[in-house]
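A look at the structure
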Amino acid sequence: MQPKIWLSSPHMGGNESKFVNEAFDSNWVAPLGPNVNGLEKDIARFLLPENENNIHVAALSSGTAAIHLGLILLGIKAGDEVICQSMTFSASANPIAYQGATPVFIDSESDTWNMSPQFLEKAIKDRIAKGRKPKAIIPVHLYGMPAKMDEIMAIANQYEIPVLEDAAEALGSHINGKMCGTYGVIAALSFNGNKIITTSGGGAMVAHQPELAEKARFLSTQARDPAPHYLHSHIGYNYRMSNICAGIGRGQMEVLPQRVLQRRANFEWYGKVLNDTDAIQLLKEPDGYYSNHWLTTVLIKHPVITRETIRLALDKVNIESRPLWKPMHCQPVFKDAPFYGDGTAEKLFENGLCLPSGSNLTDEERNRILTAIRAVFS
Ligand SMILES: *Cc1c(COP(=O)(O)O)cnc(C)c1O
């Protein structure tokens with residue numbers, strides 16, 4: 001058996017161990033310390049280079065923790081409704097349930113595969129008519145492709161509903177230069193092992209208001225009030241990132257721009273070598289959109305060959321590929337949640353496939369992938 005080719009695997013830049021060793025040498029082996037502060041500054045500078053003091057970052061233990069704290073800071077309580085993109089990873093929606101609130105799922109549109117502004121507005125009007133105005137909106141930038149944020153923000157502003165942006169897959173993506181992660185009042189980033197950069201496990205909450213980031217730091221370290229004894233006036237969480245993980249993150253931030261270009265080069269390559277078949281369609285960027293192309297995703301349009309045919313053929317030669325996210329409104333755990341849509345996400349799920357997209361793919365691995373896909377169609 002040939003070695004495994006992964007969908008997306010960690011790719012170190014080189015300086016990660018330097019930052020981690022500094023943490024050991026100074027005994028900052030704690031959920032606080034210079035790497036955590038440094039990583040927060042690095043992320044702020046990356047998201048808003050011209051004005052890094054206008055964006056505030058709290059480094060956390062995961063992207064899921066960032067979404068959970070974001071909902072808490074937006075005041076989401078039991079019985080509330082929160083609008084969420086249906087086609088996404090379950091971590092976008094689970095924190096809604098942590099709060100005892102109900103998700104209202106919105107279908108995708110076919111240009112970006114993300115939240116349909118049309119069904120978003122329809123849902124808001126309908127929930128308001130039912131006396132249940134949604135308390136927040138969670139759009140997601142799937143696979144690095146920005147959602148239609150200009151349209152979504154205009155609707156959110158019109159109805160005065162705050163946006164919590166799930167940018168877990170989209171660090172480095174933007175629309176006409178405005179970075180994903182800077183649209184919502186609050187945004188979530190993830191540094192899980194399979195994301196474009198990793199801290200082995202981690203995430204961050206991003207906010208425009210400094211008080212929100214400050215509160216996230218407070219809640220993520222057990223909500224300890226200033227007192228010599230342990231004094232609590234809020235329910236706290238253990239969600240802070242450790243100084244060791246943040247050291248990995250600082251090294252990874254140095255190579256993030258390079259990682260974006262490498263992932264985009266994978267997409268370009270797939271486009272070039274697969275364009276002789278109309279049976280495989282890549283998701284292209286709309287005008288002005290810039291995707292980090294975290295994963296290259298394709299739709300299979302063939303009378304006989306399905307995405308499962310290809311997935312199983314790749315699996316046989318030890319190459320990992322994966323169906324697109326199964327929509328949340330089709331998940332057993334969310335079967336009772338309201339849904340607004342026309343079947344777009346379900347169709348994407350049926351025909352869509354994620355191809356190996358690591359920034360560390362070698363030419364030899366690329367050749368193996370292409371040979372295996374060509375064999376299916378020959
Ligand atoms: C990875 C991911 C998350 C969760 O991030 P973790 O760091 O794994 O908790 C949330 N939303 C989306 C869309 C993701 O891909």
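Throughout, residues of each chain are indexed from 1 in the direction in which the sequence is written. This being a predicted model, a pLDDT of at least 70 is required before a residue's local features are given, and a value of 80 or more before pairs of side-chain atoms are given or counted; all residues contribute to the totals for chains, interfaces and linings. Heavy atoms from the whole structure form the basis of all side-chain values; hydrogens and water molecules are not counted.

1. Remarks on the sheet that holds strand E2 (residues 81–85)
Spatially, E4-E2-E3-E14 is the arrangement adopted by the four strands of the open sheet, whose pairing is parallel. Bordering the open sheet on either side are strand E4 (136–138) and strand E14 (339–340), each of which pairs with just one other strand. Between any two strands, at least two bridges found by DSSP are needed for them to pair. Working definition: helices are DSSP H or I runs of at least four residues, strands are E runs of at least two. Numbering for both runs from the N terminus. As defined by bridge partners, strand E3 (residues 102–106) adjoins E14 across two bridges and the pair is classed as parallel. Across the sheet, residue Phe-105 finds its bridge partner in E14, namely Phe-339.

2. Details of helix H1 (residues 16–25)
Using a 1.4 Å probe on the protein chains alone, a residue whose accessible area is under 20% of its type maximum counts as buried, one over 50% counts as exposed, and one in between counts as partly exposed. Within H1, the full set of buried residues consists of Glu-16, Phe-19, Val-20 and Ala-23. End-on view of H1: buried residues confined to an arc of 95°, all on one side of the axis. Any pair of residues with heavy atoms lying within 4.5 Å of one another is described as a contacting pair. Buried positions along H1 lie against helix H2 (34–47) and helix H8 (243–274). Looking one or two residues beyond H1, the residue adopting positive phi is Asn-27, at roughly 60°. To obtain the arc, one takes the directions from the helix axis to the C-beta atoms.

3. Comments concerning the site of the ligand
Thr-64, Asp-166, Glu-169, Ser-190 and Lys-195 are the nearest of the 15 residues found near the ligand. Note that an oxygen atom of the ligand is positioned 2.7 Å from one of the backbone N or O atoms of Gly-63. A 1.4 Å probe and the Shrake-Rupley method give the accessible areas. Residues count as covered only by the protein chains that appear here. Considered on its own, the ligand offers 380 Å² of accessible surface; in the complex 93% of this is hidden by protein. Spatially, the ligand is embedded in the largest pocket. Any residue with a heavy atom positioned within 4 Å of a molecule or strand is treated as near that molecule or strand. Pairing of N or O atoms within 3.5 Å defines a polar contact, subject to two protein rules: one partner must be a possible hydrogen donor and the other a possible acceptor, and residues neighboring in sequence count only if both atoms are side-chain atoms. Lining residues are defined by having an atom within 4 Å of a point belonging to a cavity or pocket. Those points lie on a 1 Å grid over the protein atoms alone, cavities being sets where a 1.4 Å probe fits but cannot get out and pockets being open sets with protein on both sides within 12 Å along at least five of seven lines. A pocket or cavity is taken to hold a molecule when more than half of that molecule's atoms are within 2 Å of the pocket's grid points.

4. Side note on the environment of Ile-305
Relative to the assigned elements, Ile-305 resides in the loop between strand E12 (296–300) and helix H9 (307–316). With a relative accessible area of 12%, Ile-305 lands in the buried category. Once the C-alpha coordinates of Ile-305 and Glu-214 are considered, the two residues, 91 residues apart in sequence, prove to be 52 Å apart. Those residues in contact with Ile-305, other than ones at most four positions away along the chain, are Ile-300, Ile-310, Val-376 and Phe-377.

5. Focus on the layout of surface pockets
Counted as a void, the largest pocket has a volume near 240 Å³. Broken down by element, the lining of the largest pocket gets its largest block of residues, three residues, from helix H3 (residues 63–73). Broken down by class, the residue content of the lining of the largest pocket amounts to six nonpolar, 10 polar and four charged. Grid points are joined across faces, edges and corners, and a volume is the space filled by probe spheres set on the points. By the convention adopted, Pro, Cys, Tyr, Trp, Phe, Met, Ile, Leu, Val and Ala count as nonpolar, Lys, Arg, Asp and Glu as charged, and the other residues, Gly among them, as polar.

6. Side note on the domain arrangement of the protein chain
Per the domain assignment, the segments making up the protein chain are domain 1 (16–254) and domain 2 (256–377). What counts as a domain boundary in this text is fixed by an automatic or database domain assignment. For domain 1 versus domain 2, the separation of C-alpha centres amounts to 25 Å. Counting residues at the interface gives 47 residues for domain 1, matched by 38 residues for domain 2. Interface of domain 1 and domain 2: buried area, both sides summed, is about 3,800 Å²; carbon and sulfur atoms make up 67% of it. Buried surface area refers to the total accessible area, computed with a probe of radius 1.4 Å, that the two partners give up upon joining, counted for both partners together. Three residues, Trp-113, Tyr-143 and Ile-196, lead the burial of domain 1 against domain 2; their summed loss comes to 22% of the area buried on that side. Counted as salt bridges are all cases of a side-chain nitrogen of Lys or Arg within 4 Å of a carboxyl oxygen of Asp or Glu. For the pair domain 1 and domain 2, the interface holds zero salt bridges.

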